[in-house]
Amino acid sequence: MFSNAEIGIDLGTANLLIYSKNKGIVYNEPSVVAIDTTTRKVLAVGNEAKEMIGKTPANITSIRPLKDGVIADYEVTSQMLNVMLKKVSKRLGMSMRKPNVIVCAPTGSTSVERRAIDNAIKEYGAKQVHIIEEPVAAAVGAGLPVDEPISNVVVDIGGGTSEVAIISFGGVVSANSIRTGGDHMDLAIIQHVRKHYNVLIGERTAENIKMEIGYALIDHQLEEMEIRGRDLVTGLPKTITLNSKEIQEALKEPLESILEAVRSTLESCPPELSGDIVDHGIMLTGGGALLSGMKEWLSTEIDVPVHVAENPLECVAIGTGKSLHLIHKLQKAAK
């Protein structure tokens, strides 16, 4: 039986991942829901709903109920979780009644936002819900020795937020959470194309551009990409060619915001832990870690070694699932 199971949920703005203690990552799909606007009924979730973005009739809309790492639409998030957990249960051919759930939240989230996450998961029938901070989960998932008295620095660049934290002895010593991430990079690309070419492109096209020819602020060989959008003057479809240098310029602002968060976190680090940072460097996790040149650029800017986690996209989910023993350990230590 899989009842009273321990599962970890990475409730990401871009993707929702579920980690099972016994099976590893059992679910990894976009945090997108297609709903009927008249009945508020959920028609599709995950990959199926993402495929429908921008291609549905007026009464059906694909939305992302999570914004900046927290719940923006409580009712839809609750329904999305219900469908996703049922999918996992069906896929594994096991019951998932009353699981113990560990879920992560951004360090900058408020008590109200955390309560919304707690309530949404309890509505599914979870026995217990533990909320841990996202960078701690990312550090655990990346295999860092978070429960030791050494400095572990994590930069987790997600879809809605970027989290920077110095972790030692299982807790956050210093942290910064900014509401800038992959989604804001996509938006910067959309605005650039609109401003310079008078062409409107969608979120999926912008994400593809970022993945194909997006670069952090480093020197690189010029690359080009042909894209299609809607001409804002004629209203007709139009094909244009973009190059990696202009996309790099478009990404400059969100990238500099992330760098500023890293710098201010390192500046507030206790002197005793600063030496560890020089020795061990910082760990990059989250989808933003995969942006071309990200590691090299950060390493040059902050002058410490930068490492990319083995599986940056799944780090938080894996760490969330593995964190239960850490929670128990810290609870015992607190008694």
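Residues numbered from 1 in each chain as written. Predicted model: local features only at pLDDT ≥ 70, side-chain atom pairs only at ≥ 80, totals over all residues. Heavy atoms only, no water.

What about the overall build of the protein chain?
Phase 1 of the analysis: Looking only at helices and strands, the protein chain has 12 helices and 18 strands in total.
Phase 2 of the analysis: A compact globule built from 335 residues would reach a C-alpha radius of gyration of about 20 Å, and the protein chain, at 21 Å, matches this within 12%.
Phase 3 of the analysis: The principal-axis extent of the C-alpha atoms belonging to the protein chain is close to 70 × 55 × 30 Å.
Phase 4 of the analysis: Every one of the 335 residues in the protein chain was classed for burial, and the buried ones make up 52%.
Phase 5 of the analysis: Taking the contacts inside the protein chain whose residues are at least 6 apart along the sequence as the reference set, 63% of them involve residues at least 24 apart.
Phase 6 of the analysis: For the protein chain, the exposed surface amounts to about 15,500 Å²; the carbon and sulfur share of it is 49%.
Phase 7 of the analysis: Side chains of the protein chain carry 34 positive and 42 negative charges; the gap between the two charge centres is 10 Å. (Helix = DSSP H or I, 4+ residues; strand = E, 2+ residues; numbered from the N terminus. Rg over C-alpha atoms; globule rule 2.2 N^0.38 Å. Buried < 20%, exposed > 50% of the residue type's maximum accessible area, 1.4 Å probe, protein only. Contact = heavy atoms within 4.5 Å. Areas by Shrake-Rupley, 256 points an atom, 1.4 Å probe, with all protein chains shown as cover. Lys, Arg positive; Asp, Glu negative; His and termini not counted. Charge placed at Lys NZ, Arg CZ, Asp CG, Glu CD.)

So, unusual backbone geometry
Phase 1 of the analysis: Its identity as a non-glycine residue notwithstanding, R40 has a phi of 60 degrees, on the positive side.
Phase 2 of the analysis: Here R40 is to be found in the loop between β4 (33–36) and β5 (41–45).
Phase 3 of the analysis: Given a relative accessible area of 31%, R40 falls into the partly exposed group.
Phase 4 of the analysis: Phi at D303 is positive, roughly 60 degrees, even though this residue is not glycine.
Phase 5 of the analysis: Here D303 lies in the loop between α10 (294–302) and β18 (306–308).

Comments concerning the pairing of strand β15 (residues 224–231)
Phase 1 of the analysis: In this structure, strand β14 (residues 199–200) lies alongside β15, joined through two bridges in antiparallel fashion. By the bridge assignment, L200 is partnered in β15 with R230.
Phase 2 of the analysis: Across seven bridges, β15 lies against strand β16 (residues 237–243) in antiparallel orientation. Across the sheet, the residue bridging to M225 is L242, located in β16.
Phase 3 of the analysis: Hairpin geometry of β15 and β16 is characterised by an intervening segment of five residues between the two adjacent antiparallel strands and by a positive phi of about 80 degrees at G235. (Pairing = 2+ DSSP bridges.)

Observations regarding the packing of helix α2 (residues 74–92) against helix α3 (residues 111–122)
Phase 1 of the analysis: Running from N to C, α2 and α3 cross one another at 40 degrees; their axes reach a closest spacing of 9 Å. It follows that α2 is oblique to α3 by the angle criterion. Here α2 and α3 pass one another in a crossing that is right-handed. Contacts between α2 and α3 involve Y74, S78 and L81 from the former and A116, N119, A120 and I121 from the latter.
Phase 2 of the analysis: Classifying every residue of the contact of α2 with α3 gives five nonpolar, two polar and no charged. (Axes fitted to C-alpha atoms, helices over the stretch in contact; angles between N-to-C directions. Parallel < 35°, antiparallel > 145°, perpendicular 65-115°, else oblique. Left-handed = near helix turned anticlockwise from the far one by under 90°. Nonpolar A, V, L, I, M, F, W, Y, C, P; charged D, E, K, R; others polar.)

Regarding the pairing of strand β10 (residues 128–133)
Phase 1 of the analysis: As paired strands, strand β9 (residues 100–105) and β10 are joined by six bridges and run parallel to one another. When the bridges of β10 are listed, V103 appears paired with I131.
Phase 2 of the analysis: Between the parallel pair β9 and β10, the chain is carried across by α3, and the sense of this crossover is right-handed. (Right-handed = clockwise from strand over helix to strand, strands pointing away.)

So, the environment of I213
Phase 1 of the analysis: Position of I213 among the secondary structure elements: in helix α6 (residues 203–213).
Phase 2 of the analysis: For I213, a relative accessible area of 2% translates into the label buried.
Phase 3 of the analysis: In this structure the C-alpha to C-alpha distance between I213 and K67, which are 146 residues apart in sequence, comes to 25 Å.
Phase 4 of the analysis: Apart from the residues lying within four places of it in its own chain, the contact partners of I213 are E223, E224, M225, L242, N243, S244 and I247.

Overview of the nonpolar core
Phase 1 of the analysis: Membership of the largest hydrophobic core comes to 41 residues, with the highest contact counts inside it found for I201, I209 and I282.
Phase 2 of the analysis: In terms of residues, this core owes the most to one element, helix α8 (residues 252–267), which gives six residues.
Phase 3 of the analysis: Judged by nonpolar contacts, the second largest core, of 28 residues, contains I9, I35, L66 and V101. (Core = buried A, V, L, I, M, F, W, Y, C linked by side-chain atoms within 4.5 Å.)

Re the domain arrangement of the protein chain
Phase 1 of the analysis: Taken domain by domain, the protein chain holds domain 1 (6–136 + 317–334), domain 2 (149–179 + 254–312) and domain 3 (182–250).
Phase 2 of the analysis: Here domain 1 packs against domain 2, burying approximately 1,100 Å² in sum over the two surfaces, 57% of which is carbon and sulfur.
Phase 3 of the analysis: Together, D68, E134 and P135 form the three largest contributors to the area buried by domain 1 at its contact with domain 2, with a combined 42%.
Phase 4 of the analysis: Where domain 1 touches domain 2, the interface holds one salt bridge. (Domains from an automatic or database assignment. Buried area = accessible area lost by both parts, 1.4 Å probe. Salt bridge = Lys/Arg side-chain N within 4 Å of Asp/Glu carboxyl O.)

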